[in-house]
Amino acid sequence: MDVSQYLSVFLDEAKEHLQSLNDNIMVLEQDPENEDCINEIFRSAHSMKGMAGTMGYTRMQNLTHDMEDVFSDVRGGKIKIKSADIDVLLQCLDAIQEYVDNITENQDEGTEEHQNIIKALADIRNGASGGGADAADAAPAAEAAPSGGDAPAAGADGSSDYRAIKLDPSVKSTLEEAVSQGKKIYGVTVHIQESCILKAARGFLVFKGLEEIGEIAVSDPSTQDIEDEKFDFTFSLIVITDESKEKVEEIVKAVSEVEGCECGEFDLNSAKSAEDKEEAPAPAPAAEAPKPAAEPAKQTPAAAPAAGGAGGKKPVGKPVVNRTVRVDIEKLDVLMNLVSELIIAKNSLISAANTSGVSNGNVNEQIEYLESVTTNLHESVMKVRMVPIESVLQKFPRMIRDLNKTLNKKMELTMTGEDTEMDRTVVDEIGDPLMHLIRNSADHGIESAELRAQRGKPEVGQIFLHAFQDGNSVVIEVGDDGNGIDAEAVKNKAIEKGVVTPDQAALLTEKQCVELLFHPGFSTAKQVSEISGRGVGLDVVKSKVESLSGEVTVRTKLGEGSTWVIRLPLTLAIIQALMVIIGEEKYAIPLDSIQSIEDVSPSDIKLVENKEVINLRGSVTPIIRLNEVLDTESTKSPDEDMVVVITRKGDQSYGLVIDELMGQQEIVIKPLGKYTAKCKLISGATILGDGEIALILDTNSVI
């Protein structure tokens, strides 16, 4: 069997299971008795073992099998997880991650056996095996529990048998009516192979096949439990049909990985009622009764009435099927490009209609309708591309736990806003900068326990990460309650490294000193460690964030802590922009970066330190003449009033002097390619409605 076609699915699933294992093991460290957590870890390890075995990755299969064995013993009450065991389990996850990384790169898991980890996992099982009476008492309970975790069992022995199905009164009346109409009622017990990985999928195929020849009256376990794989390798059904018993058996056995089935006529007279239970549930309301067989309505597995402990009621508010699909990001990129071209075509149509002076009311109405549809289409495609930032943040709690041990500090990470959504391309790129900032807070920010005690701070240092949406941007704040940044130490280090001269350093404000940290190769660390001190990190953060059209700033107070603030656009492809004319050329300025537009008289311009500034509502605002920056002739005479676009970078406002305003427009950003990458002033280009090209100004670089 060629499994290479399933490789991408395997890798996606493996990464999800690894993240789930990481999260749950971290929870387990805080709450070793958490049964839900233990069951979830067991299920994830079990699924990964099956997936690896199917794909032929035996080393990965062996390691996950040993991990599954540990949690099988934990579930059975034979052993209890201790703090030292958590370290072994996390090493095990790192080893599995290594296998996954190898498979991603070259489709091969490598040759590393990780015998030391396998031995450590065996030691966890053997170390507490002499539990005496407690372990012996727990063993029968473990044997009675089904391997599916919290899967419900129909019979007392954990097996499912159609003869043991208890009928709700409404279901029983439906079956009696079907018999009176001459229909046949069969009980079916289906046995799935124990090696089967996708039990729920096999169950669905059985349901689908039987619904083509009749109606499924009830199932045990309930259909929702079968969908959620909360059952052993056996489930039972009662089917109303006109076909023969042989036909029913043939359909069930035709499904792959079904080991066999038992089928027989269901005896209504000897059938048990749901009311025979120790705690009889309230009878199902008439409104919930299934349709009689006289009006056959084919039901999906999830719509069939639940049996067993559910009393015939359907789960309320639970989705019937998985409502999501996996889509390759490249397909979304193609879709976004097509929407971009549609917006360019729409702009061209509007421009052509305005240029030719078309005043036909019907034409204008249709153009307005097209504009509305393209805007809605753009918003819909953007929503499809948006993913929660959570996928990037999930790995940080584990990282802080490891840094606690490496740095011998006590730190705690608090995160909020994990559900904040951003464009997928931005989320993929922002992980490394955030990791640098958190490691920076852990290594440089949080002080030693002794120093924190001297300063009257709690022993455990606090590191936080907050994400939230602010207009058309997403703001991510990373900070700590540690030492803060010593501006004098930064200034002295900058002079020592030759980044600034002593004369230049004397003129720097505290804020400008702190910003020297973003200089390439700059580090204040006394010694190089695995965590930091090589002078790479903050310059990488700055360049990466600015490449995403964002900005990074820092707020700090010595002795109290620092906060790094990253502001990023929601999307990188289609934006609202202000179209302006500078000299003879048209340019676009992203609307997100604009605060206001001012009309300024030349007489209002003053000089401060030989730089032009204006007094804008009590605030001194530097101005930048864009015609000088772009090396072009201004079309305005020196005594004319100037149009100034006020933008902001960090806490400071700046005024950009332009020649003429054209208005606001929805534009598509087209990259200029690697040959123009060195021109920092321009972030891309756009095609205007009349076919002209307009360059998009990067206001951060201009300032």
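Residues numbered from 1 in each chain as written. Predicted model: local features only at pLDDT ≥ 70, side-chain atom pairs only at ≥ 80, totals over all residues. Heavy atoms only, no water.

Trainee: Could you give an account of the overall build of the protein, with specific residues and numbers?
Mentor: Check the secondary structure of the protein and you find 22 helices and 24 strands. Every one of the 703 residues in the protein was classed for burial, and the buried ones make up 44%. Of all intrachain contacts in the protein linking residues separated by at least 6 positions in sequence, the fraction that spans at least 24 positions is 72%. Accessible area of the protein: about 36400 Å², with a carbon and sulfur share of 49%. (Helix = DSSP H or I, 4+ residues; strand = E, 2+ residues; numbered from the N terminus. Buried < 20%, exposed > 50% of the residue type's maximum accessible area, 1.4 Å probe, protein only. Contact = heavy atoms within 4.5 Å. Areas by Shrake-Rupley, 256 points an atom, 1.4 Å probe, with all protein chains shown as cover.)

Trainee: Go over the environment of F464 with me, naming the residues and quoting the values.
Mentor: Mapped onto the elements of the fold, F464 is located in strand 10 (residues 461–470). In this structure the C-alpha to C-alpha distance between F464 and G479, which are 15 residues apart in sequence, comes to 5.4 Å. Excluding anything up to four places from it in sequence, F464 contacts L413, T414, E477, V478, G479, D480 and T563.

Trainee: Tell me what's going on with the nonpolar core, and back it up with residues and numbers.
Mentor: Among the nonpolar cores identified, the biggest contains 56 residues, and F396, I430, L434, I476, I566 and L568 are the most heavily contacted of them. Take this core: its biggest share by element is seven residues, from helix 15 (residues 424–445). Each of domain 3 (329–387) and domain 4 (389–569) contributes no fewer than three residues to this core. Discounting residues that sit within four places of it in the chain, I566 has contacts with I430, L434, L437, V474, V475, I476, V545, E551 and V552. Of all hydrophobic cores here, the second largest spans 40 residues; its members include L11, F42, I79 and C92. (Core = buried A, V, L, I, M, F, W, Y, C linked by side-chain atoms within 4.5 Å. Domains from an automatic or database assignment.)

Trainee: Account for the sheet that holds strand 3 (residues 214–220), naming residues and giving values.
Mentor: Here we have four strands laid out as an open sheet, ordered 3-4-2-5, and antiparallel in their pairing. Two strands lie at the open edges of the sheet, namely strand 3 and strand 5 (258–265), each paired on one side alone. Geometrically, the sheet is characterised by an average inter-axis angle of 25° between neighbouring strands, direction not taken into account. When strand 3 meets strand 4 (residues 234–241), the two strands line up antiparallel, connected through six bridges. Residue pairing in the sheet places G214 in a bridge with T241 of strand 4. The strands touched by helix 7 (residues 169–180) are strand 2 (184–192), strand 3 and strand 4; relative to strand 4, the strand with the most contacts, the crossing angle is about 45°. Helix-sheet contacts for helix 8 (residues 199–211) involve strand 2, strand 3, strand 4 and strand 5, and the interaxial angle to strand 4 is about 10°. (Pairing = 2+ DSSP bridges. Axes fitted to C-alpha atoms, helices over the stretch in contact; angles between N-to-C directions.)

Trainee: Before we move on, could you go through helix 2 (residues 35–55) and cite the residues and values that matter?
Mentor: Helix length check: helix 2, at 21 residues, gives a terminal C-alpha distance of 30 Å against a target of 30 Å (1.5 Å per residue), a fit within 8%. Its side-chain oxygen 3.2 Å from the backbone nitrogen of D36, N34 forms the N-cap of helix 2. Positive phi appears at G56, one or two residues downstream of helix 2, with a value of about 90°. (Expected span 1.5 Å × (residues − 1). Polar contact = N/O pair within 3.5 Å; in protein donor to acceptor, adjacent residues only side chain to side chain.)

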